[in-house]
Amino acid sequence: MAVIETAEVFVTSPGRNFVTLKITTSDGVTGLGDATLNGRELSVVAYLKEHVAPLLIGRDPQNIEDIWQYLYRGAYWRRGPVTMASIAAVDVALWDIKGKVAGMPVFQLLGGASRTGALAYGHASGSDLPSLFSSIRNHLDEGYRAIRVQTGVPGLGQVYGVASDQAPGQRYDYEPAGRGALPKEEAWDTRAYMRHIPTIFAAVREEFGYELPLLHDAHHRLTPNQAGSLGKTLEPYDLFWLEDCTPGENQEGLRRVRSQTTTPLAIGEVFNSVFDYQTLITEQLIDYVRSAVTHTGGISGLKKIMDFAAVYQIKSGFHGPTDISPVGQAAALHLDIAIHNFGIQEYMQHSEDTLKVFKTNYTFENGLLHPGTAPGLGVEYDEDLAAGFEYTTAYLPINRLQLDGTMHDW
Ligand code: CS2
Ligand code: MG
């Protein structure tokens, strides 16, 4: 019987910071897992190196569920982003190994393909309408069939999620502009935002028609009452979803939103376990689960959440920004293809440097993503190349009210 021989942790920064776990068996089979926690990367490195890797050596890599439970229940300290990203990395690496040993892509082990490809959405943004329209056109030219729309707000400076001076055809990625010892500070005004956003969606529908699925991310900035009101105002523009309208950890708050609007809701990119969703799912307060494989205990953790959600007709909309590595993105795609209650997959596209370090097999054709049919996850990690991209601290921005500098959700 092959056993786990080594569990190594790599940190690299080919455009963004990534943490990768590589498990090797005594038969020489390797598996990769993504453990990237944006802005808090090294905490997961320490958790994995100090407290997880030593526990894995000598275990049977085939027993994915038992190892998951061993790390989850065995730690005593449950849940939390650091713990769940660490468990996710182990879980995904073991699925990769199982696929390679079986000679099958991971989605086959999850029950096979339920669809030919996963509908993807891209990020269009612009500080004003002309730049937003050109960004939407660029995405349509690239083949996207669903588009997230973010814009600047008059009177505010840089707003997270909006490219400032994006040249035509250039992809938007937040973090490369955000390196440094301290997080960047942005200013916020909720009333200005709420007045502005409906005018943007009216203009986009007028220009691009009603066929194109449109999404929008409110980044946790609203109260339930404000979110209900915005959702109601946006109803004529037929959004695919309104994302993170409130800080979702107060699950009961979504009752208020839900009772006011039929605009579909997506929540969960900062969640890490099924318990974060319990009320949201059982009371059908959301329409889409936004979690990432990388932050929710891996394929095993997220699959359980999705099976629970399926009972309540809630679908997936997995988190896929560029701070999830191509390993995490590939893992999401295998799940997307396999589960019945797939909804949509976020796809921001990694930089060229990232894709040199992580060689992927997934494809994007006609607006649909496919994980490919290579055994396992279908991603290879170039350790030598990765070593040349040194880690530098990079934080997400923080948000303060423009009026008086009070810290605000974003
Ligand atoms: C965003 C992300 O993709 C999204 O919907 O909310 O850009 C998110 O802010 C980052 O992934 C945080 O690490
Ligand atoms: Mg988001």
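Here is what the cut-offs are and how they apply
Residues numbered from 1 in each chain as written. Chains lettered and ligands numbered in written order. Predicted model: local features only at pLDDT ≥ 70, side-chain atom pairs only at ≥ 80, totals over all residues. Heavy atoms only, no water. Core = buried A, V, L, I, M, F, W, Y, C linked by side-chain atoms within 4.5 Å. Buried < 20%, exposed > 50% of the residue type's maximum accessible area, 1.4 Å probe, protein only. Domains from an automatic or database assignment. Contact = heavy atoms within 4.5 Å. Helix = DSSP H or I, 4+ residues; strand = E, 2+ residues; numbered from the N terminus. Expected span 1.5 Å × (residues − 1). Donors = N, O, S within 2.8 Å, 3.2 Å for Na, K, Ca; no water. Phe/Tyr/Trp six-rings, centres within 6.5 Å; stacked < 30°, edge-to-face > 60°. Lys NZ or Arg CZ within 6 Å of the ring centre and 35° of its normal. Buried area = accessible area lost by both parts, 1.4 Å probe. Salt bridge = Lys/Arg side-chain N within 4 Å of Asp/Glu carboxyl O. Polar contact = N/O pair within 3.5 Å; in protein donor to acceptor, adjacent residues only side chain to side chain. Pairing = 2+ DSSP bridges. Axes fitted to C-alpha atoms, helices over the stretch in contact; angles between N-to-C directions. Near = heavy atom within 4 Å. Areas by Shrake-Rupley, 256 points an atom, 1.4 Å probe, with all protein chains shown as cover. Nonpolar A, V, L, I, M, F, W, Y, C, P; charged D, E, K, R; others polar.

A word on the nonpolar core
By size, the foremost hydrophobic cluster in this structure holds 109 residues, and its most contacted members are I23, V90 and V289. Mapping this core onto the domain boundaries places at least three of its residues in each of domain 1 (4-105) and domain 2 (109-375). With near-sequence residues (within four places) excluded, V90 lies in contact with L21, I23, L48, V52, L56, I67 and L71. Counting residues in hydrophobic clusters, the runner-up holds eight residues, among them Y121, L215, W241 and A266.

Focus on helix 11 (residues 326-338)
Given 3.6 residues per turn, any residue in an α-helix points the same way as the ones three and four places further on. Between the first and last C-alpha of helix 11 there are 18 Å, a value that for 13 residues agrees with the 18 Å anticipated at 1.5 Å per step. The element helix 11 is largely enclosed, with a buried count of 13 among its 13 residues.

Re the coordination of the magnesium ion (ligand 2)
In the first shell of the magnesium ion (ligand 2), the protein supplies D217 (OD), E243 (OE) and E269 (OE), at 2.0 to 2.2 Å from the metal. Every donor residue of the magnesium ion (ligand 2) comes from the same chain, spaced as D-x25-E-x25-E. Here the residue E243 occupies a position in strand 8 (residues 241-243), and E269 occupies one in the loop between strand 9 (265-267) and helix 9 (278-282), the gap between them amounting to 26 residues. Judged by relative accessible area, E243 falls into the buried class, the value being 0%.

Details of the packing of aromatic side chains
Under the defined criterion, the tally for this structure stands at 17 aromatic pairs. The rings of F10, F18, F358 and Y381 are connected pair by pair, giving a single aromatic cluster. One residue, R59, lies across the ring of Y70, its end atom 3.9 Å from the ring centre. One residue, R221, lies across the ring of W188, its end atom 4.3 Å from the ring centre.

A closer look at the domain arrangement of the protein chain
Each domain of the protein chain was delimited in the assignment, giving domain 1 (4-105) and domain 2 (109-375). The distance between the C-alpha centroids of domain 1 and domain 2 comes to 26 Å. The junction of domain 1 with domain 2 conceals about 2,900 Å² of combined surface from both sides, 60% of it contributed by carbon and sulfur atoms. With a shortest N-O distance of 3.9 Å, D323 and R16 are connected by a salt bridge. Counting across the interface, domain 1 meets domain 2 through 17 residue pairs in polar contact (both at pLDDT 80 or more). If you list the elements that add at least two residues to the side of domain 1 that touches domain 2, you get strand 2 (18-25), strand 3 (30-34), helix 2 (64-74) and helix 3 (81-102).

Thoughts on the environment of G112
Mapped onto the elements, G112 comes out in the loop between helix 4 (106-109) and strand 4 (118-126). Once the C-alpha coordinates of G112 and I339 are considered, the two residues, 227 residues apart in sequence, prove to be 8.7 Å apart.

Here's the deal with the side chain of D276
Within the secondary structure, D276 is located in the loop between strand 9 and helix 9. Residue D276 is classed as buried on the basis of its relative accessible area, which comes to 15%. Reaching out from D276, the side chain makes a polar contact with the backbone nitrogen of S273 at a distance of 3.0 Å. Not counting the four nearest positions on each side in its chain, D276 is found in contact with R79, Q251 and F271.

Examining the sheet that holds strand 6 (residues 185-188)
Pairing between the strands of a sheet comes from backbone hydrogen bonds, and it takes one of two forms, parallel or antiparallel. Here we have three strands laid out as an open sheet, ordered 6-17-18, and mixed in their pairing. Since the sheet does not close on itself, it has two edges, and those belong to strand 6 and strand 18 (407-408), each with one partner. Bridge count between strand 17 (residues 398-401) and strand 18: two bridges; the pairing is antiparallel. The partner of N399 across the bridge, within strand 18, is H408.

Describing the sheet that holds strand 2
The three strands lie next to each other as 1-2-3, forming an open sheet whose pairing is antiparallel. Both outer strands of the open sheet, strand 1 (4-12) and strand 3, are each paired with one neighbouring strand and no more. Across this sheet, the average inter-strand angle for adjacent strands is 20 degrees, counted without regard to direction. Where strand 1 lies against strand 2, eight bridges are found, and the strand directions are antiparallel.

Concerning the site of ligand 1
Taken together, 14 residues sit near ligand 1, with N38, Y160, E269, D323 and E346 positioned nearest. N38 has a polar side-chain atom sitting 2.9 Å from an oxygen atom of ligand 1. Within the side chain of R290, one N or O atom sits 2.9 Å away from an oxygen atom of ligand 1. Here ligand 1, which alone exposes 330 Å², has 92% of that area covered by the protein. When grouped by side-chain class, the residues that make up the shell around ligand 1 number three nonpolar, four polar and seven charged.

Here we look at the pattern of salt bridges
Counted under the stated rule, the structure contains 17 salt bridges. Close ionic contact of K304 with E65 constitutes a salt bridge, the shortest N to O distance being 3.0 Å. One end of the pair, K304, is in helix 10 (residues 298-310); the other, E65, is in helix 2, and 239 residues separate them in sequence. With its nearest N and O atoms 3.9 Å apart, the salt bridge here joins E186 to K184. Take K184: its relative accessible area is 37%, and that puts it in the partly exposed class. Overlapping salt bridges, with partners in common, bring together E243, E269, R290 and E346 in one network.

Looking at helix 6 (residues 190-208)
With 19 residues, helix 6 should reach 27 Å at 1.5 Å per residue; the first-to-last C-alpha distance of 27 Å fits that figure. The backbone nitrogen of R191 lies 3.1 Å from a side-chain oxygen of the residue at the head of helix 6, namely D189. Once helix 6 finishes, G209 follows within two positions and takes phi at roughly 80 degrees, a positive value.

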